[in-house]
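Examining the three-dimensional arrangement
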Amino acid sequence: MANSTSNTELRKIIRKIALLNALNYGGKARAGPVLGKLLAECPHLKTRVKEVASVIAGAVREINKLSPDRQRGIVEEKWPEALVKEKAEVERILPSLPNAENYKQVVTRFAPNPDCLLHLGSARAIILCYEYAKMYNGLFYLRFEDTDPRLKKSALQFYDLIREDIMWLGCKWNAEFIQSDRLPIYYEHAEKILRRGNAYVCTCKREEFRKKVMTRQPCPCRSLTPEENVVRWKHMLDGTYGEGKAVVRIKTDLDHPNPAVRDWPALRIIDTKKYSHPRVGSKYCVWPLYNFACGVDDHLMGVTHIIRGKEHLTNQTRQEYMYQHFGWKYPETIHYGRLKITGASLSKSVIVQGLRTGLFKSWDDPRLATFAALRRRGITAEAIRRLIIDVGPKTADVTLSWENLYAYNRKTIDPVANRYFFVGDPKKLIVKKVPHTFTAKIPLHPDKTERGFRSFDIKPKEGRVSFWVSSDDLKLMGKHKKMRFMGLFNFQVEKVTKHGVQAVFHSKSHEEAKKVGATLIHWLPHDTGIPCEVVMPDASVVKGTAENSCKELRLDDIIQFERFGFVRVDNLDEKLTVYFAHR
Ligand SMILES: [Zn+2]
C-alpha cells in the first residue's frame, strides 16, 4: 500500500475490516480489533492513530446499526473473496459437522435453564453451537428451558443476565424461545402420542412403578386403551389429580439394559399454587420434563445438529423412542467430552450455596468462574472463544488450568493494555546525591510508542529525592545491592529498615545497570499518586498507590500494572479500584 493513504481510501479499508469484524462477532464490530487489523495491514498509519481511531469509531457505530444480514450482503457484493477467506479460517480449526450437506440450512441451539448464571462450563456449548451455525451460514437459537418451577426453578433476573453473557461472548442468536410460553404445544403433542397408544398416564406410586420397571415388568397403566389414557390426561389438566399423582410415560422397551430408559416420564403435575412459575405463575399445573420438552422443540424448531456434552447420551436414547413414535428424524448429534478447569468451581449448587451463606459477595465474585466474574477481572470473550475453538468438540475429556485461559487472555490483551506503575503497600525510599533534575519519559506501551508517554519530573532537594516502592520489592534489597528504577536511574542501597530504605545515586544509563547487574524495579515519586485497591482472584485486596496518569483511565479499561499484572478498571469514584486478571 502506498505510503500516503487518501482519506477516501482509508474510509473504504476501515469499512471493510469493520464489516468483516462484525460478521465474525455476531453483528457487532469492535473498534479495538479493527484498529489492530488496520495497523497490521497498513503499518504506516501508526503515525495517524488518533485520526484513524475516530474514523473507526464512526464506521463501527454505523455498521453496528445494520442487521447481520445486511452486513453480510454488503460484503458479498463488494468483497466476496473476503467471505471465502474468513470461512476457511474457521473451517480449518473446527472439524466439519456430520452430514451438514443433507440439510438446507444448519440449525443449532443453546438451551440453558435460567435458574442460575452461566459459567465457563457453558462456554463450550454456546461457542461451538454459534461457530458451527456461522461456519455453515446457518441459524443459532437461544432456548430457555424453564419447565421445572419446583426443583430447578428459574428466576426472572437470569433470563436477562444469560442474554447479556451470550451477547458478551459475541454469540448473537437468530431467534429466541422460552419453553414456559409453549405449554399448549407440549399438551398438544402429549395428547397426540397418547391417542397413538405410544404413551400412557401412569398413576402408580413412584416406588411401585420403580419396582416393576427394575424387573422389566409393565405397570397396570401400560395396557390402558388410548381412550382411557385421554380421559386420565384431561384429569391431569383439570386438576383432578394432585401433584405427584399422575405422570405421562413414553413407551420404550422394558427390556432396555438401562432402566432409566424404560418408559421414561414425559409430563408431570406441579402444584403451581405452591411453586409458582416466575413467568406464568400458576396458570399451568402440568409441566413437561426435560426430554419431552427438549425433544419436541428440537424437532419443531428444525434443529439439525445438537452439540452438547456426552452426559446427554442417555437422553438421546430416550428421545429416539419418542421420535420414532411421532415418525420424526432425530437430529445429528455431537457429544463432546467433559471440560474441567482445575481449581474452578463449576458446580451450580456450590455457587448458589456460597451466595446464600455469604461466602461469595455476588455473582461476579472474583473466586467464581461465572462469565460475570471473568468479565469483571478482565478476561476477554475473545480469549474464551479462541480457547474453546482450539479445544473443539472432541469426545475425550479435557482438563485445563487457569493458566491455559490466562495464556489466551494475555495474547488478546497484551497488545492493547497500556502500562502504568502501581506500588502495593508503599514504603519510602530516599536516594541521596542525585546530581540533577531528571525527567522520566516512559511509553504507555513498550511496543507502541505512538500511544504516548507518561512523564515524571524528579527534582532533588539538596541532592535528596523520596520515592514510593512496594513492600515486596523491599525484600529484594540489601546493603550495597544495586537497583534500577525503570526508565529513571540506578542506585545503590545503603540501609533497609521495616519502614523504608536509604540509598545513594549510582548512575543513569540502562547499559550501566546491566553491567553492574542491577535489579529492575518500579517506583513513584513520593509526593504523587492516587490511592488504588486491587481486588485479587481470592477476593483479598492489595492496597497501594497508582501513578497520577491513572486518573485518566476509564471504567472497563484493561491495563497492566508493570511488574504486577493485568487488571481491569472497576471503579473510579473515590479511589481507583481494579480487579486483577493475571500476571
Ligand atoms: Zn402405572
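First, a word on scope: everything that follows refers to the structure included in this document.

Reading the values: the criteria
Residues numbered from 1 in each chain as written. Predicted model: local features only at pLDDT ≥ 70, side-chain atom pairs only at ≥ 80, totals over all residues. Heavy atoms only, no water. Donors = N, O, S within 2.8 Å, 3.2 Å for Na, K, Ca; no water. Tetrahedral: all angles 85-135°; square planar, octahedral: opposite > 155°, others 65-115°. Helix = DSSP H or I, 4+ residues; strand = E, 2+ residues; numbered from the N terminus. Buried < 20%, exposed > 50% of the residue type's maximum accessible area, 1.4 Å probe, protein only. Pairing = 2+ DSSP bridges. Axes fitted to C-alpha atoms, helices over the stretch in contact; angles between N-to-C directions. Expected span 1.5 Å × (residues − 1). Contact = heavy atoms within 4.5 Å. Core = buried A, V, L, I, M, F, W, Y, C linked by side-chain atoms within 4.5 Å. Parallel < 35°, antiparallel > 145°, perpendicular 65-115°, else oblique. Left-handed = near helix turned anticlockwise from the far one by under 90°. Nonpolar A, V, L, I, M, F, W, Y, C, P; charged D, E, K, R; others polar. Polar contact = N/O pair within 3.5 Å; in protein donor to acceptor, adjacent residues only side chain to side chain. Phe/Tyr/Trp six-rings, centres within 6.5 Å; stacked < 30°, edge-to-face > 60°. Lys NZ or Arg CZ within 6 Å of the ring centre and 35° of its normal.

Attention shifts here to the coordination of the zinc ion. Ligation of the zinc ion by protein atoms is provided by C202 (SG), C204 (SG), C219 (SG) and C221 (SG), these donors lying 2.3 to 2.4 Å from the ion. The site at the zinc ion holds four donor atoms, and with the angles between them running 103 to 116 degrees, its shape is tetrahedral. Look at where the donors of the zinc ion fall in the sequence and you get C-x1-C-x14-C-x1-C. Of the two residues, C204 is situated in the loop between β4 (199-202) and α9 (206-214) and C219 in the loop between α9 and α10 (226-237); the sequence distance between them amounts to 15 residues. Look at C219 and you get buried, because its relative accessible area is 3%.

Positive phi is not limited to glycine here, since R216 has a value of about 60 degrees. Secondary-structure assignment places R216 in the loop between α9 and α10. On the basis of relative accessibility, which here comes to 38%, the residue R216 falls in the partly exposed class. Positive phi, close to 50 degrees, is recorded for E462, a residue that is not glycine. Summarising the element assignment, E462 is placed in the loop between β16 (453-458) and β17 (465-470). Overall, the relative accessible area of 83% leaves E462 in the exposed class.

Reading across the sheet, the four strands line up as β4-β5-β6-β7 and stay open at both edges, with antiparallel pairing between neighbours. Sheet topology places β4 and β7 (286-288) at the edges, where each strand pairs with a single neighbour. With strand direction ignored, the average angle separating the axes of adjacent strands in the sheet is 20 degrees. Summarising the sheet, β4 and strand β5 (residues 247-250) pair through four bridges and their orientation is antiparallel.

Attention now goes to helix α12 (residues 313-326). Taking 1.5 Å per residue as the helical rise, α12 with its 14 residues ought to reach 20 Å, and the 20 Å between its terminal C-alpha atoms agrees with that figure. Regarding α12, the residues found buried are N315, Q316, R318, Q319, Y321, M322, Y323, H325 and F326. Contact partners of the buried residues in α12: α8 (183-195), β5, α11 (290-300), β8 (305-309) and β9 (332-336). Just past α12, the residue G327 takes up positive phi, approximately 75 degrees.

Looking now at the environment of V504. Mapped onto the fold, V504 is located in strand β20 (residues 500-507). Taking relative accessible area as the criterion, V504 reaches 15% and is therefore assigned buried. Separated by 10 residues in sequence, V504 and E494 place their C-alpha atoms 6.9 Å apart. Beyond its immediate stretch of four places on either side in the chain, V504 contacts V431, K432, K433, F491, Q492 and E494.

Okay, the pairing of strand β27 (residues 576-582) next. Counting buried residues in β27 gives seven out of seven residues, a clear majority hidden from the surface. Bridge count for strand β23 (residues 530-535) against β27 is four bridges, and the pairing is parallel. Looking at the pairing, E533 lines up with T577 of β27. As judged from the five bridges shared by strand β26 (residues 565-571) and β27, these two strands associate in the antiparallel manner.

So, about the environment of K411. Counting through the fold element by element, K411 comes out in helix α16 (residues 402-413). When the C-alpha atoms of K411 and A383 are compared, they prove to be 7.9 Å apart, with 28 residues separating the residues in sequence.

Right, let's talk about the nonpolar core for a bit. Of all hydrophobic cores here, the largest spans 51 residues; its most connected members are L120, I126, F140, I166, F371 and I384. Apart from the residues within four sequence positions on either side, I126 is in contact with F110, L118, F140, I166, L169, C171 and F371. Counting residues in each nonpolar core, the second largest holds 36 residues, with V107, A199, Y284 and V296 among its members.

We now examine the environment of P259. Here P259 is to be found in the loop between β5 and β6 (265-269). As for P259 and Q492, which are separated by 233 residues in sequence, their C-alpha atoms are 77 Å apart.

Attention shifts here to the packing of helix α2 (residues 31-41) against helix α3 (residues 49-64). Across the interface, α2 lies against α3 with an axial gap of 10 Å and an inter-helix angle of 130 degrees. Classified by the interaxial angle, the pair formed by α2 and α3 is oblique. In this structure, the crossing between α2 and α3 has a hand that is right-handed. Mapping the contact onto sequence places A31, V34, L35, L38 and L39 in α2 and V49, V52, I56 and V60 in α3. Of the residues belonging to the contact of α2 with α3, the class tally is nine nonpolar, no polar and no charged.

This part covers the side chain of E547. The residue E547 is located in the loop between β24 (541-546) and β25 (558-561) in this model. In this structure the side chain of E547 is engaged in a polar contact, spanning 2.7 Å, whose partner is the backbone nitrogen of F421. Discounting residues that sit within four places of it in the chain, E547 has contacts with Y420, F421, R454, F456, L524, G529 and I530.

Take the packing of aromatic side chains next. Each aromatic ring pair is characterised by the separation of its centres together with the angle its planes make. Scanning all chains against the criterion turns up 28 aromatic pairs. Ring geometry for F561 against F564: centres 6.4 Å apart, planes inclined by 70 degrees, an arrangement best described as edge-to-face. Its relative accessible area of 17% is what places F564 among the buried residues. Each member of the aromatic cluster is reached from another via a ring pair, and the members are F421, F438, F456, F467, F485, F489, F491, F505 and W523. A cation over a ring is seen here: R375 above W168, with NZ or CZ 5.1 Å from the ring centre. Geometry around F421 places R454 over its ring, the cationic atom sitting 4.8 Å from the centre.

Here we take up the sheet that holds β17. If you trace the seven strands from one edge of the open sheet to the other, you get β21-β18-β19-β20-β14-β17-β22, paired in mixed fashion. The open sheet has two free edges, formed respectively by β21 (519-521) and β22 (524-525), since each of these has just one partner strand. Pairing between β17 and β22: two bridges, direction antiparallel. Residue pairing across strands places F467 opposite P525, the latter belonging to β22.

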